[in-house]
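Here's the letter readout for the chains.
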Number of protein chains: 2
Amino acid sequence: MLPFFEEVSADLEAVEIELGKVLISEDAIINQTATHLLRAGGKRLRPAFALLSAKVYTDDVSPVWPLAVALELIHMATLVHDDVVDQADARRGKPTVRALWGNKVSTHTGDYVLAKALIQVSGYEDPLISRVLSRTCVRMCEGEIIQMHGIYEANLRNYLHRIRCKTACLIEASCKLGAVAGGAPDSIHYPLGRFGHYLGMAFQVTDDILDMVADELRLGKRVGGDLRQGIVTIPVIYALHQDGAAAARLSQIVENRSKTEDEVGEAIELTRELGGINYGRHMAGAYLEKAIQELKRLPDVPARDSLRQIAEFIQVRSY
Amino acid sequence: MLPFFEEVSADLEAVEIELGKVLISEDAIINQTATHLLRAGGKRLRPAFALLSAKVYTDDVSPVWPLAVALELIHMATLVHDDVVDQADARRGKPTVRALWGNKVSTHTGDYVLAKALIQVSGYEDPLISRVLSRTCVRMCEGEIIQMHGIYEANLRNYLHRIRCKTACLIEASCKLGAVAGGAPDSIHYPLGRFGHYLGMAFQVTDDILDMVADELRLGKRVGGDLRQGIVTIPVIYALHQDGAAAARLSQIVENRSKTEDEVGEAIELTRELGGINYGRHMAGAYLEKAIQELKRLPDVPARDSLRQIAEFIQVRSY
């Protein structure tokens with residue numbers, strides 16, 4: 001477990017047990033796919049964000065458990081559908097549901113997991129929770145659809161909109177709604193929502209940088225995956241907007257639908273030379289700074305420190 | 001419009017306008033797929049059931065509109081995903097989203113439409129609505145997954161479980177929650193929920209019979225589609241349980257994964273000879289009788305008559 005989650009470690013264990021219970025079905029195949037999804041792991045970031053955010057306001061965060069379970073289920077459901085759409089056979093070094101059971105079972109498993117999330121949320125009295133969460137789901141779908149056909153309109157504005165939908169929205173909802181489910185007032189859940197938004201933006205920018213520069217062993221997959229799939233992220237967008245022959249060559253490679261492995265490597269090198277990686281790091285840093293500013297509006301409690309440490313960890317992660 | 005929906009025709013128009021508004025997005029592709037889904041038509045049965053059920057209790061059913069919109073969106077979302085899973089290129093004689101935009105866009109469009117349904121529902125104060133609806137979504141996914149691998153365990157129990165999940169659940173939810181959203185007490189929404197369940201069962205049994213015996217022009221597709229896809233429905237299950245050479249031959253055809261068109265025709269003929277079609281009609285009739293019995297628990301108002309006429313129409317439809 002990541003050290004800054006210690007404060008909510010008992011709650012995270014409870015959430016893990018609940019996740020196991022929730023996904024049980026009378027149907028053998030659903031049980032197999034669900035067990036596979038649970039064992040595939042994941043850092044349970046969204047539950048942790050919700051729990052820590054609630055901890056800013058209250059010590060007893062057990063009312064947040066169902067929400068935390070729902071957040072992880074929504075995240076899982078999107079991964080299952082993304083694997084169908086991307087025809088991905090492995091994730092985190094393990095075979096996907098799609099690889100083992102095929103597209104049909106995966107499509108319905110994603111729907112099933114999402115529907116289970118809804119049941120978790122339907123127990124809350126405060127309508128804000130299901131309202132924010134359903135809007136978040138809409139945003140996430142929009143983000144995925146934009147990603148599919150936004151390849152040829154690679155500019156900063158589209159990129160920011162896409163990563164907000166794809167990643168930042170759900171982290172924003174996790175932080176905000178964690179506080180709401182814990183009973184926190186506006187003065188607490190508003191800043192936490194904004195913290196989540198900025199943190200989520202930084203998180204995705206960092207992910208996009210790591211996709212180009214990471215140690216392949218630690219990343220668990222080859223670098224350049226986005227380029228290979230035709231997805232243009234901020235380092236490349238920045239590099240493409242520079243003048244000169246290097247940018248022209250980069251543009252040529254990016255627009256070529258059937259890139260060779262050498263060309264993917266060359267594109268990454270050009271992006272780095274043109275300052276794209278540094279620009280991305282600068283951008284992630286600026287978002288994290290904004291996230292940390294939001295924390296200053298909150299009471300000075302240990303959970304707030306943990307949230308700050310997460311922000312600092314993300315910054316380190318991009319190097 | 002079907003004649004028994006006249007009582008709620010103004011409300012159905014309002015729902016249709018809302019459906020159009022709800023699906024609008026900033027994204028051009030989402031707008032295109034959504035417009036396509038709306039124009040593809042459909043009888044808007046689920047909204048009509050919800051509105052008529054509310055009418056049993058109250059004259060002003062405008063509070064039911066968002067629910068009615070959500071029910072149709074959920075139905076649409078499942079159709080979009082089913083078309084991906086079944087690799088279907090046409091539905092109701094028109095090209096599917098999948099045929100026009102591909103599997104990727106379809107998968108996310110289904111998710112998007114479902115998420116839009118959640119937003120509609122999140123406005124209701126009564127938690128029963130989102131609770132019943134999310135359970136219904138879980139059931140529907142289970143039903144689809146069971147259908148995929150239940151081919152070789154063709155028996156009555158599995159069949160009934162499958163059609164309950166696949167069809168009856170959402171019609172039950174439509175009737176029950178329509179009444180709930182209209183403010184009706186338990187004494188009204190309980191019988192309406194059971195009415196919806198029985199009606200939904202009869203509806204699916206009838207659909208399964210029509211898949212074998214309908215006029216192809218009126219059905220808008222070839223008969224025998226289920227057999228071709230390896231889906232075994234009640235007429236065939238009944239026929240397979242009979243003794244003798246005809247049932248043995250039928251079993252041989254059903255178990256053959258690559259049936260010829262002649263064999264599909266032969267299987268339908270054998271099913272009819274062995275009494276499977278008649279048995280199915282008898283079953284649909286029994287469910288409709290139960291549905292009509294439930295209506296007797298309700299106040300004697302015009303909406304109740306309309307619901308009874310729907311039940312009678314379904315019976316006629318199976319001939």
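Residues numbered from 1 in each chain as written. Chains lettered and ligands numbered in written order. Predicted model: local features only at pLDDT ≥ 70, side-chain atom pairs only at ≥ 80, totals over all residues. Heavy atoms only, no water.

J.: Can you help me understand the interface of chain B and chain A in this one?
T.: Across the contact, 36 residues belong to chain B and 36 residues belong to chain A. Summing the contributions of chain B and of chain A, the shared interface buries around 3500 Å²; its carbon and sulfur component is 72%. At the boundary of chain B and chain A, one finds four residue pairs in polar contact (both at pLDDT 80 or more). Among the elements of the structure, helix H2 (28–39), helix H4 (65–85), helix H5 (97–121) and helix H6 (127–149) of chain B are those that each provide at least two residues to the side of chain B that touches chain A. Per-element accounting of the side of chain B that touches chain A gives the leading share, 14 residues, to H6(B). Classifying every residue of the side of chain B that touches chain A gives 16 nonpolar, ten polar and ten charged. (Contact = heavy atoms within 4.5 Å. Buried area = accessible area lost by both parts, 1.4 Å probe. Polar contact = N/O pair within 3.5 Å; in protein donor to acceptor, adjacent residues only side chain to side chain. Helix = DSSP H or I, 4+ residues; strand = E, 2+ residues; numbered from the N terminus. Nonpolar A, V, L, I, M, F, W, Y, C, P; charged D, E, K, R; others polar.)

J.: What is the right way to look at the nonpolar core in this model?
T.: Generally speaking, nonpolar side chains in soluble globular proteins are found buried as a group. The biggest cluster of nonpolar side chains holds 206 residues, and the ones touching the most others in it are A:Leu67 and B:Leu67. Once you skip the residues sitting within four places of it in the chain, A:Leu67 turns out to touch A:Ala50, A:Tyr124, A:Ile129, A:Leu133, A:Leu177, A:Gly178 and A:Ala181. (Core = buried A, V, L, I, M, F, W, Y, C linked by side-chain atoms within 4.5 Å. Buried < 20%, exposed > 50% of the residue type's maximum accessible area, 1.4 Å probe, protein only.)

J.: Is there a simple way to think about the relation of the copies chain B and chain A in this case?
T.: The relation between the two chain copies is a rotation about an axis coupled with a shift along that axis. When chain B is fitted onto chain A, the two copies agree to an RMSD of 0.0 Å after a turn of 180 degrees and an axial shift of 0.0 Å. What the rotation and shift describe, once combined, is the action of a two-fold rotation axis. Most of the interface of chain B is mirrored in chain A, where 100% of its interface residues are also at the interface. (Least-squares fit on C-alpha atoms with pLDDT ≥ 70 in both.)

J.: What is the right way to look at the packing of aromatic side chains in this model?
T.: For any two aromatic rings, the description comes down to two numbers: the centre-to-centre distance and the angle of the planes. Residue and element names in this part refer to chain A. A full pass over the atoms with the stated rule returns eight aromatic pairs over all chains. Seen from their ring centres, phenylalanine 4 and phenylalanine 5 are 5.4 Å apart, and the 80 degrees between their planes marks the pair as edge-to-face. Like phenylalanine 5, phenylalanine 4 is buried. Among the aromatic residues, those joined into a cluster by ring pairs are Phe4, Phe5 and Phe313. (Phe/Tyr/Trp six-rings, centres within 6.5 Å; stacked < 30°, edge-to-face > 60°.)

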